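Structural features, examined
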Amino acid sequence: METSTEGATRPDTGPAVPAEAVDTVVVAPPAAAPPASLSPSRASDFMQCPLLYRFRVIDRLPEKPSEAATRGTLVHAVLERLFDAPAGDRTVPRAKSLIPGQWDRLRESRPEVAELFADDPEGERLARWLTEAEALVERWFTLEDPSRLEPAERELFVEAELESGLRLRGIIDRVDVAPTGEVRIVDYKTGKAPRPEYAEGALFQMKFYALVVWRLKRVIPRRLQLVYLGSGDVLTYDPVLADLERVERKLLALWEAIRRATESGDWRPRPTKLCGWCDHQAYCPEFDGTPPPYPLPVRAPESGGTEQGRMGPD
């Protein structure tokens, strides 16, 4: 699971206001900023629907938490924290015992998730939801043996800047390093494994991470591993240099398309079956909605060749 680290800061660029006039002045919202980096989640957003990318990265429209995504966050936190215990104590009962505390921490850090069960005064739905989280945690023990694992990194933030200036960033669930120095990148998924014809899309995130690690450490990960707790499957892939070079070319082309859309303000929706789950239908032309006014300057289309865009500072 990749938690997005994307989004440029929005500095307060408004003029200073005298203290005596504060109660009569309406403070303008912070200025928007163009995209400043690319993560696997946001790259997938743009490939799925450029307008969705705009809503999330530039407009930063709020989205309601979902039970599935929040359960995934909770399970990830439990699997991360379990490795704090000695190897012999990494058991199913110990992992399950971490769930209530991690749920409390999640509600403290993200109060909006409490809204998921606001209409559940008796706590029955919450109890079922927590039981489902327990089942996912328990299934993990049938796929991997944590007593035999000593991760080199957990929830590792990685960032690398390519020669073009494009900055790639993300958070890797787990990094294992063998005594021989071989690196394995592991990602937990709380959903079900995709059908074989969709496996390449699922591996895109992992190849993205492998590219970042290669650019940072000059080491090609030996294995990429996706652990699907929802279906009990493990998908592995052993990348080679050509894989990473292809991903880099794809990301550069993607970033060029993002740069052009950012400057022109032309973010077109791309209807798919996933539209039914989108939080932004009220703003989408495909649902007779109107996007918010574009908050960035719009430039006239360039004449001649295109120039590779560069990332600005956060």
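One structure accompanies this document, and this report is about it. (Residues numbered from 1 in each chain as written. Predicted model: local features only at pLDDT ≥ 70, side-chain atom pairs only at ≥ 80, totals over all residues. Heavy atoms only, no water.)

Observations concerning the overall build of the protein chain
A count of helical and extended segments in the protein chain gives seven helices and five strands. Going from the N terminus to the C terminus, the protein chain shows its helices and strands as α-α-α-α-α-β-β-β-α-β-β-α. By residue count, 40% of the 314 residues in the protein chain fall in the buried class. Taken as a whole, the protein chain presents about 17,100 Å² of accessible surface, with 53% of it coming from carbon and sulfur. (Helix = DSSP H or I, 4+ residues; strand = E, 2+ residues; numbered from the N terminus. Buried < 20%, exposed > 50% of the residue type's maximum accessible area, 1.4 Å probe, protein only. Areas by Shrake-Rupley, 256 points an atom, 1.4 Å probe, with all protein chains shown as cover.)

Some thoughts on helix H1 (residues 40-48)
When we look at burial in H1, the residues that qualify are Pro40, Ser41, Arg42, Ala43, Asp45 and Phe46. Buried residues along H1 sit against helix H2 (50-58), strand S2 (167-177), helix H6 (199-217) and helix H7 (241-264). (Contact = heavy atoms within 4.5 Å.)

Concerning the pattern of salt bridges
In the structure shown here, the tally under the stated rule is 32 salt bridges. With a shortest N-O distance of 3.0 Å, arginine 154 and aspartate 84 are connected by a salt bridge. Here the residue arginine 154 occupies a position in strand S1 (residues 153-161), and aspartate 84 occupies one in the loop between helix H3 (67-82) and helix H4 (92-109), the gap between them amounting to 70 residues. Its relative accessible area of 27% is what places arginine 154 among the partly exposed residues. Given the relative accessible area of 46%, aspartate 84 is considered partly exposed. The structure contains a network of salt bridges with shared partners spanning Glu256, Arg259, Arg260, Glu263 and Arg299. (Salt bridge = Lys/Arg side-chain N within 4 Å of Asp/Glu carboxyl O.)

Some points on unusual backbone geometry
We note that glutamate 155 has phi near 45 degrees; this positive angle belongs to a residue other than glycine. One can find glutamate 155 in strand S1. Residue classification places glutamate 155 among the partly exposed residues on the basis of a relative accessible area of 28%. Residues other than glycine seldom take positive phi values, yet arginine 218 does so here, at roughly 60 degrees. Position of arginine 218 relative to the elements: it lies in the loop between H6 and strand S4 (223-228).

As for the pairing of S4
Most of S4 is tucked away, with five of its six residues classed as buried. With six bridges connecting them, strand S3 (residues 183-189) and S4 associate as parallel partners. Note that in S4 the partner of aspartate 187 across the bridge is leucine 226. In this view, the connection linking S3 to its parallel neighbour S4 by way of H6 has right-handed handedness. Of the pairings in the sheet, the one linking S4 to strand S5 (residues 233-237) comprises five bridges and is antiparallel in character. The partner of leucine 224 across the bridge, within S5, is tyrosine 237. (Pairing = 2+ DSSP bridges. Right-handed = clockwise from strand over helix to strand, strands pointing away.)

Quick word on the side chain of serine 39
Position of serine 39 among the secondary structure elements: in the segment before H1. Here arginine 42 takes part through its backbone nitrogen, which lies 3.3 Å from a polar atom of the side chain of serine 39. (Polar contact = N/O pair within 3.5 Å; in protein donor to acceptor, adjacent residues only side chain to side chain.)

Description of the packing of H1 against H2
At a minimum axis distance of 5 Å, the contact between H1 and H2 shows a crossing angle of 140 degrees. Judged by the inter-axis angle, H1 sits oblique to H2. Between H1, through Arg42, Asp45, Phe46 and Gln48, and H2, the contact on the second element is made entirely by Pro50, Leu52, Tyr53, Arg56 and Val57. A class-by-class count of the residues in the contact of H1 with H2 yields five nonpolar, one polar and three charged. (Axes fitted to C-alpha atoms, helices over the stretch in contact; angles between N-to-C directions. Parallel < 35°, antiparallel > 145°, perpendicular 65-115°, else oblique. Nonpolar A, V, L, I, M, F, W, Y, C, P; charged D, E, K, R; others polar.)

Everything listed here is a matter of geometry and, on its own, says nothing about what the molecule does.
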